[in-house]
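If you want the building blocks of each chain, they are given just below.
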Amino acid sequence: MQEWANHLCENRQFGSKMTDSKYFTTTKKGEIFELKAELNSDKKEKKKEAVKKVIASMTVGKDVSALFPDVVNCMQTDNLELKKLVYLYLMNYAKSQPDMAIMAVNTFVKDCEDPNPLIRALAVRTMGCIRVDKITEYLCEPLRKCLKDEDPYVRKTAAVCVAKLHDINAQLVEDQGFLDTLKDLISDSNPMVVANAVAALSEIAESHPNSNLMDLNPQTINKLLTALNECTEWGQIFILDCLANYTPRDDRESQSICERVTPRLSHANSAVVLSAVKVLMKFMEMLPKDLDYYGTLLKKLAPPLVTLLSAEPELQYVALRNINLIVQRRPEILKHEMKVFFVKYNDPIYVKLEKLDIMIRLASQANIAQVLAELKEYATEVDVDFVRKAVRAIGRCAIKVEQSAERCVSTLLDLIQTKVNYVVQEAIVVIKDIFRKYPNKYESVIATLCENLDSLDEPEARAAMIWIVGEYAERIDNADELLESFLEGFHDESTQVQLQLLTAIVKLFLKKPTETQELVQQVLSLATQDSDNPDLRDRGYIYWRLLSTDPVAAKEVVLAEKPLISEETDLIEPTLLEELICHIGTLASVYHKPPSAFVEGSRGVQHKRLPGSAGSGESESPDAGSAGGVSEAPPAVIPSQGDLLGDLLNLDLTPPTATGPPPPSSGMQMGAMDLLGGGLDSLMGDESEPPHIPPRTHTPQSPQLPHQSPSPPDYSPTELGGDLGGSPAMGSGFGGPPAAMPASFSAPVSGGLDDLFDLGGGVGMPMGAYSPPKTIWLPAMKAKGLEILGTFARRAGVIQMEMTLTNKAMSVMSDFAIQFNRNSFGLAPAGPLQVLTPLSPNQSIEVALPLNTVGPIMKMEPLNNLQVAVKNNIDVFYFSCQYPISMLFVEDGTMDRQVFLATWKDIPNDNEAQFQIKDCHLNSDAASNKLQGSNIFTIAKRTVEGQDMLYQSIKLTNGIWVLAELKVQAGNPNFMVSLKCRAPEVSQCVFQSYEAVLKN
Amino acid sequence: MIHSLFLINHTGDIFLEKHWKSVISRGVCDYFLEVKEKAVEPENVPPVLQTPHHYLISIYRDKLFFLSVIQTEVPPLFVIEFLHRVADTFQDYFGECSESIIKDNVVTVYELLEEMLDNGFPLATESNILKEMIKPPTILRSVVNTLTGSSNVGDKLPTGQLSNIPWRRAAVKYTNNEAYFDVIEEIDAILDKSGMTVFAEIQGVIEACTRLSGMPDLTLSFMNPRLLDDVSFHPCVRFKRWESERVLSFIPPDGNFTLMTYHVSSQNLVAIPVYVKQNISFFETGSCGRLDITIGPKQTMGKMVEGLMVTVHMPKAVLSVNLTASQGNYTYDLATKVLVWDIGKLNPQKPPNLRGTLSVQSGAPRPEENPALDIKLKIQQLAISGLKVNRLDMYGEKYKPFKGVKYMTKAGKFQVRT
């Protein structure tokens, strides 16, 4: 600012008196006062200069609202410039000074009657911009007159004013019948009026998705087409966009509209061109393919699209995003124009990346040589992002055009030889995909890849390399050494790499069992015991189980044939593509997302579809495939983490997920325990049903926290190795009859995986257990628009975190995931957060996340505090919430009376805590029933002197027992509760639960 | 529609804001500034950005960002075209489009912006109309205005505003009636190492300057209109006549305007006027490299090539250059690593040559990327596509105007890869 002021002073010294910079020179405190005096001057010229100073201050964001009355006083003038300046001021400040703004109304109303149409239009236009209720009331009458004004300039201004008024007060516009008047203006004799009426109606229609404002029929279409030829370039855009919403009755009407729209393709304004392209692309769908005109039209579309690419870079960008859609829908239009998408070294990066995308879409056998030569050229450029994409593009060419695969691979090898780090890494990632597409063809290059192992530092490249090593382990002599080298820093790797490494080593083991037992044991224990990541742990357990139960099956599963990957990995899904084609030229087309997904509060759920072609009226788009064959591409897509997911999903889960867990025998428990150590044992212990709990878990003296005493896995590598070649029965050496294994495995599977795959089974079923109402955990303001309401519940023995996720932002949210911090009771998600579809703006979704209690433990303050991290495509958000401890009360919390008595005595009196529950109007039986619903079990009742004494027991998920004595006196709403527990710190929480349960 | 406009200089200061609907806090620009910070080069800021509640559509011109704020679905091309139109208008009014000139004329700028959009809908964007409503500042006018107290703002409805020819004002009068047409063609080309054409096309434009009284109706015809299969016209051109007869028939705007642009596509053979032999190499050992560039005439159609200039963006590691030019001068900017060789006229007998050594930072790895050469050149009196104007006829007025056609070929984005 200071610098600027200096600069202005300099200007003044040079005597540039005619510039506006002089209006800025008064920056002192007394400025407002000075201006006030000048505004009230008698001299017209001085007044005008003063208003200019005020406006100048306003433009740089200075607050000059204090001058409001003085500026408004200048409004009554016949000097048009002064009037306009005052209006400018009014529009800016009227909202902050609504009472004063009323002072201006009379002048406005008077100006609306002025003989000069310019002044009439100016008045109605300005009035519409003043967003003050009192002013809008006065606006209605002048506006009605102006809509019917004899001068078209006034009518066209008034049409826009209706849209302004609608934005301020929609009801008023409807009540006053302005919408009908506006519709009448579509038939106006002046094309500019028609264009503005269409623009205004379109804007209004956007906030009213269901109103049938634009009632398009052949007559109105005809009027629009006539106006199209005569109105301004901007008007043409509005009219074309409006035409695009019309669905012609038959192919003849469609053709005649196309014929009248095609001249717009030669317009100098690129927005007109693109809107015309939209209309043509849509209406073309209705034309029979054998029609001569159809071919002519296709030919006419190419040149204007090419021309858009010689415009300014910003225009090019939008054009390229749209061409990307057009090429997917009708590749034949631009198939000969590959060269215009060649990248120039000084194109902005955003243009380069888009061009590259389209080059790959247009790549075919005919032009692949050219394309590859170009891509190789790009791979030596400076910009890292661009180079990476170019390398990736080479891989995509290989997958798309089979004949070129060999050339692509050798090009990639050349690039690897450059040893430029990021080039090498990208190349390895794409070579992995090439291996998948053409198995057993290019494996000779593996040696070259292995040379670069050490230089890989990006997770994706490391994961790809590991996949390659695992997949071709039998051909790589030192595969075990290579993989082992990755294992050293296992915990520092990203999840992607860890998962890939786990699978690769298991593959290696299945291929070369004799030398790699130690390695596989190491990775399994790293994955299952030392990792906090549930995905990794689950996968580790599954492999472990699989290897120990049935190695033959393991081989079938892990080394199964992988589905072929599709040619094009990033095609837009056909229905979405159709919708986007209807929205060419819009923001939706730039983002490649349906408009409903991201434009705030507009359009609602109105999805546009392409019309069917002639002769096959109803079917949605029967020609989609024949048009280019692209949309028929199989939906198989490479999963983002290689084929691992595929491997996992191939698992035969039938036996474990079969109905309810079979009654476990203690022998089996022991077997599982021996094999899997503490971790899984506690996991299964939690989930097992009450009847046959091993006695030791009953003893309240030893609250058994998971992971507290893991017994080392009793697992002998030699046995595993010997087992592999032999019959599955030999697996018994692993600590239990193989038949029993799936059964005991079923506990974690049904607790975890089952919920994972079959969510919602238990959701929403009231089970009597108290669940507090949902509260806001994460306000939208703190989480970039994501709002989370939530509560906890225990339903059918499963702890659930029930959440309502609401998207209050403008963009779609996806890729949700959740994680907990360590907490007092080891609560952890039993599966991933199941938000399967992206969350559109203003949409809410209910999710129930099943929890288990085998997570890592750390004592929290307060005890029931839970810190949660939720991630989506936008960011990671943190919040903390408190869960009611009653959620952790397990169903088998009934203690034997004798044991109760003994335990009560055994627990020292210091551990007893007494609480009073006030204002509880229940009798003892009702209270007992209510508490039972939340797994607080009454095991004895005694009545002493009109006082009911209820003795109750509670067991927590971690094996802690809480004993309670509840005193209920008839007629006294205050209950007394005494709690005794070996871990007295839980008492406070338990009491809170008592209170919550009894009062709700 | 377009909600607000912010003008931001290349260092990120917002120096002007204009709102056509309610006022939006300039804090919304923070999203943009964040992206700009990341983009390093201002040219690389993506033109369409999404924020939680708005869309930001921007253009970068003359070292300024024109940033518009959008709240509802609006065709982005419409916004970008409009922003360019705003920049064009500033250029037209003030002779240049810069931060200082905008600040110097802030009130006029504000009046212009108010006149160009109403509620986000374009109102008057034609230069002819705007100039009738708001007179461009001239020294003489401001002196007269201060003396007489008259204003810069026209108080009559612009005549063209509503007629079927909104681009022309009525009652134009000249003592000398003249119409000039400049056919300017730019060659966009990429040549590979060996001099082969990877890609070449011609962007043509016909710029017109008409100072004709009354309502002249002009017809311009070409010797070889079949060359033109991809054209964009000024709204004044009657498309039907073009479709049927391949002539340009129009009532021109008054003054300077772009009559048409055309595009001769890469599928046609494009003549490349010069050849470039080059060799830029860096040695594996030692910290130096060698450069040798020769330019000679190729397909010049017998015309003189002028204004020849070669620009090379050297790799970062190149510290200095030691070169000898057989013709012209060269400069090497140490900061930006740009080598510019200004040759001037091309002598067909003695092709100019630039050669010498490049010294590279010692210890730095051998530069990976190959610097591309950017060629600038001009050829007067030639349209390289072969396009020729046949004749210009005028109807509707009785006087005889003075007519002239000029041709010129320039290098557009003309790049040679090394």
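Since the structure is predicted, the reported quantities are computational estimates derived from the model, not experimental observations. (Residues numbered from 1 in each chain as written. Chains lettered and ligands numbered in written order. Predicted model: local features only at pLDDT ≥ 70, side-chain atom pairs only at ≥ 80, totals over all residues. Heavy atoms only, no water.)

(A) Layout of the overall build of chain B. Across its full length, chain B carries seven helices and 23 strands. Counting the 418 residues in chain B, one finds 58% classified as buried. Within chain B, residue pairs in contact and separated by at least 24 positions form 68% of the contacts whose partners lie at least 6 positions apart. Total accessible area computed for chain B in this model is approximately 17,400 Å², and 52% of it derives from carbon and sulfur atoms. (Helix = DSSP H or I, 4+ residues; strand = E, 2+ residues; numbered from the N terminus. Buried < 20%, exposed > 50% of the residue type's maximum accessible area, 1.4 Å probe, protein only. Contact = heavy atoms within 4.5 Å. Areas by Shrake-Rupley, 256 points an atom, 1.4 Å probe, with all protein chains shown as cover.)

(B) The overall build of chain A, seen in detail. Looking only at helices and strands, one finds 42 helices and 13 strands in chain A. In chain A, buried positions account for 58% of the 1000 residues. Pairs at least 24 apart in sequence give 68% of the contacts found in chain A among residues at least 6 apart. Approximately 40,200 Å² of chain A is accessible, and the part contributed by carbon and sulfur atoms is 51%.

(C) Just the nonpolar core, in detail. Among the nonpolar cores identified, the biggest contains 284 residues, and F66(B) and F90(B) are the most heavily contacted of them. The next biggest cluster of nonpolar side chains, apart from the first, holds 73 residues, and it includes I187(B), V318(B), L339(B) and V360(B). (Core = buried A, V, L, I, M, F, W, Y, C linked by side-chain atoms within 4.5 Å.)

(D) Up close: the confidence of the model for chain B. Residues and elements named next belong to chain B. On average, residues of chain B score 86 in pLDDT, and 92% of them reach the 70 mark or higher. Predicted confidence in chain B is weakest over helix 6 (residues 139-148), with a mean pLDDT of 55, and strongest over strand 5 (residues 64-70), with 94. Predicted complex metrics record ipTM = 0.83 and pTM = 0.67. (pLDDT = per-residue confidence, 0-100.)

(E) Quick peek at the interface of chain B and chain A. On the chain A side, the residues contacting the 101 residues of chain B number 109 residues. When the two sides are added together, the surface that chain B and chain A hide from each other amounts to roughly 9,000 Å², 58% of it contributed by carbon and sulfur. Across the salt bridge formed by E233(A) and R85(B), the nearest N and O atoms sit 2.7 Å from each other. Viewed at the interface, chain A and chain B are joined by 23 residue pairs in polar contact (both at pLDDT 80 or more). If you tally residues by element for the side of chain B that touches chain A, the top one is helix 2 (residues 76-94) of chain B, at eight residues. (Buried area = accessible area lost by both parts, 1.4 Å probe. Salt bridge = Lys/Arg side-chain N within 4 Å of Asp/Glu carboxyl O. Polar contact = N/O pair within 3.5 Å; in protein donor to acceptor, adjacent residues only side chain to side chain.)

(F) Broad picture of the sheet that holds strand 5 (residues 828-829) of chain A. Residue and element names in this part refer to chain A. The strand order 1-2-3-6-5 describes an open sheet built from five strands, whose pairing is antiparallel. Lying at the two open borders of the sheet, with one neighbouring strand each, are strand 1 (775-778) and strand 5. Across two bridges, strand 5 lies against strand 6 (residues 844-852) in antiparallel orientation. For A828, the partnering residue across the bridge sits in strand 6 and is N852. (Pairing = 2+ DSSP bridges.)

(G) Geometry of the confidence of the model for chain A. Residue and element names in this part refer to chain A. Of the residues in chain A, 79% reach a pLDDT of 70 or more, and the chain-wide mean stands at 76. Counted against residues more than four places away or in other chains, residues 601-605, with its pLDDT under 50, gives 11 contacts. Note that residues 614-767 has pLDDT below 50 and, in this model, 223 contacts with residues that lie over four places away or in other chains.

(H) Seen up close, the pattern of salt bridges. Across all of its chains, the model carries 56 salt bridges over all chains by this definition. The salt bridge partner of D111(A) is K83(A), with a shortest N-O separation of 2.8 Å. Taken together, the positions of D111(A) in helix 7 (residues 105-111) and K83(A) in helix 5 (residues 80-93) put the pair 28 residues apart, joining distant regions of the chain. In this structure, R396(A) engages D357(A) in a salt bridge whose closest nitrogen and oxygen atoms are separated by 3.6 Å. Residue R396(A) is found in helix 22 (residues 384-400), and its partner D357(A) is found in helix 20 (residues 349-362); the two are separated by 39 residues along the sequence. Like D357(A), R396(A) is buried. Put simply, K84(A), R125(A), K164(A), K18(B), E114(B), E115(B) and D118(B) are held in one network by salt bridges that share partners.

(I) Fine view of the sheet that holds strand 8 (residues 178-191) of chain B. Residue and element names in this part refer to chain B. As summarised here, the arrangement of the nine strands in space is 11-13-9-8-23-21-16-19-18, forming an open sheet in which the pairing is mixed. Since the sheet does not close on itself, it has two edges, and those belong to strand 11 (231-233) and strand 18 (329-333), each with one partner. This sheet shows a mean twist of 15° between the axes of neighbouring strands, independent of strand direction. Bridging between strand 11 and strand 13 (residues 255-264) involves three bridges; their strand directions are antiparallel. What sits directly across from F233, in strand 13, is M260. (Axes fitted to C-alpha atoms, helices over the stretch in contact; angles between N-to-C directions.)

(J) Local environment of the packing of aromatic side chains. This model, assessed by the stated rule, comprises 28 aromatic pairs over all chains. When the centroid spacing of 6.5 Å and the interplanar angle of 80° are considered together, the rings of F181(B) and F250(B) count as edge-to-face. With F181(B) in strand 8 and F250(B) in strand 12 (residues 247-250), this pair connects stretches of sequence that are 69 residues apart. Just as F181(B) is buried, F250(B) falls in that class too. On the basis of an interplanar angle of 70° and a centroid distance of 5.4 Å, the ring pair of F233(B) and W242(B) is categorised as edge-to-face. Note on accessibility: F233(B) and W242(B) belong to one class, buried. Among the aromatic residues, those joined into a cluster by ring pairs are W234(A), F238(A), F78(B), F82(B) and F121(B). For K352(A), the ring lying beneath its charged end belongs to F386(A), and the centroid distance is 5.1 Å. Seen from the ring of Y110(B), K18(B) lies directly overhead, with NZ or CZ sitting 5.0 Å from the centre. (Phe/Tyr/Trp six-rings, centres within 6.5 Å; stacked < 30°, edge-to-face > 60°. Lys NZ or Arg CZ within 6 Å of the ring centre and 35° of its normal.)

(K) Examining the environment of K930(A) more closely. Residue and element names in this part refer to chain A. With respect to the element layout, K930 can be found in helix 41 (residues 924-933). Residue classification places K930 among the partly exposed residues on the basis of a relative accessible area of 30%. Along the chain, K930 and K999 lie 69 residues apart, while their C-alpha atoms are 9.6 Å from each other. Setting aside chain neighbours within four positions, we find K930 in contact with L922, V997, L998 and N1000.

(L) Spotlight on a negative patch on the surface. All names here are of chain A. Together, E481, E484, E488 and E518 make up a region of like negative charge exposed at the surface. Structurally, E488 can be placed in the loop between helix 27 (479-487) and helix 28 (495-511). On the basis of relative accessible area, E488 is assigned to the exposed category, the value being 73%. (Patch = residues over 30% accessible without salt bridge, like charges linked within 9 Å, V, L, I, M, F, W, Y side chains within 5 Å. Lys, Arg positive; Asp, Glu negative; His and termini not counted. Charge placed at Lys NZ, Arg CZ, Asp CG, Glu CD.)

(M) Local environment of the side chain of S221(B). All names here are of chain B. Turning to its location among the elements, S221 is positioned in strand 10 (residues 217-222). By relative accessible area, which is 12% here, S221 ends up buried. Here S221 is in contact with V247, V389, N390 and R391, once residues within four sequence places are set aside.

(N) Representation of unusual backbone geometry within the structure. Residue and element names in this part refer to chain A. In the segment running from E861 into P862, the intervening peptide bond is cis, with an omega of -10°. Looking at where P862 falls in the secondary structure, it is placed in the loop between strand 6 and strand 7 (865-871). With a phi close to 55°, D919 is a non-glycine residue in the positive phi region. Inspection of the secondary structure assignment puts D919 in the loop between strand 9 (912-917) and helix 41. The exposure class of D919 is exposed, given its relative accessible area of 52%.

(O) Structural context of the side chain of E285(A). Residue and element names in this part refer to chain A. Mapped onto the secondary structure, E285 falls in the loop between helix 17 (270-284) and helix 18 (292-308). Given a relative accessible area of 1%, E285 falls into the buried group. For E285, the side chain forms a polar contact with the side chain of R329, separated by 2.9 Å. A polar side-chain atom of E285 sits 3.1 Å from a polar atom in the side chain of R330.

(P) Geometry of the pairing of strand 10 (residues 937-944) of chain A. In this sheet, strand 11 (residues 947-955) of chain A lies alongside strand 10 of chain A in antiparallel orientation, the contact comprising seven bridges. Opposite F937(A), over in strand 11 of chain A, you have S953(A) as the bridge partner.

(Q) Main features of the pairing of strand 8 of chain B. Residues and elements named next belong to chain B. Counted residue by residue, strand 8 has 10 buried out of 14 residues, so it is predominantly covered. As defined by bridge partners, strand 8 adjoins strand 9 (residues 197-211) across 14 bridges and the pair is classed as antiparallel. Each residue of the ladder has a partner; that of E185, found in strand 9, is G204. The turn joining strand 8 and strand 9, which pair antiparallel and follow one another in sequence, is formed by five residues; a positive phi near 90° is taken by G195. The pairing of strand 8 with strand 23 (residues 402-416) spans 13 bridges and is parallel. In the sheet register, V183 faces strand 23, and the bridge partner there is Y407.

(R) Examining the environment of P594(A) more closely. Residues and elements named next belong to chain A. Relative to the helices and strands, P594 is located in the loop between helix 33 (587-591) and helix 34 (624-628). Separated by 15 residues in sequence, P594 and E579 place their C-alpha atoms 6.9 Å apart. Residues within four places of P594 in sequence aside, it is in contact with L576, E579, L580 and A588.

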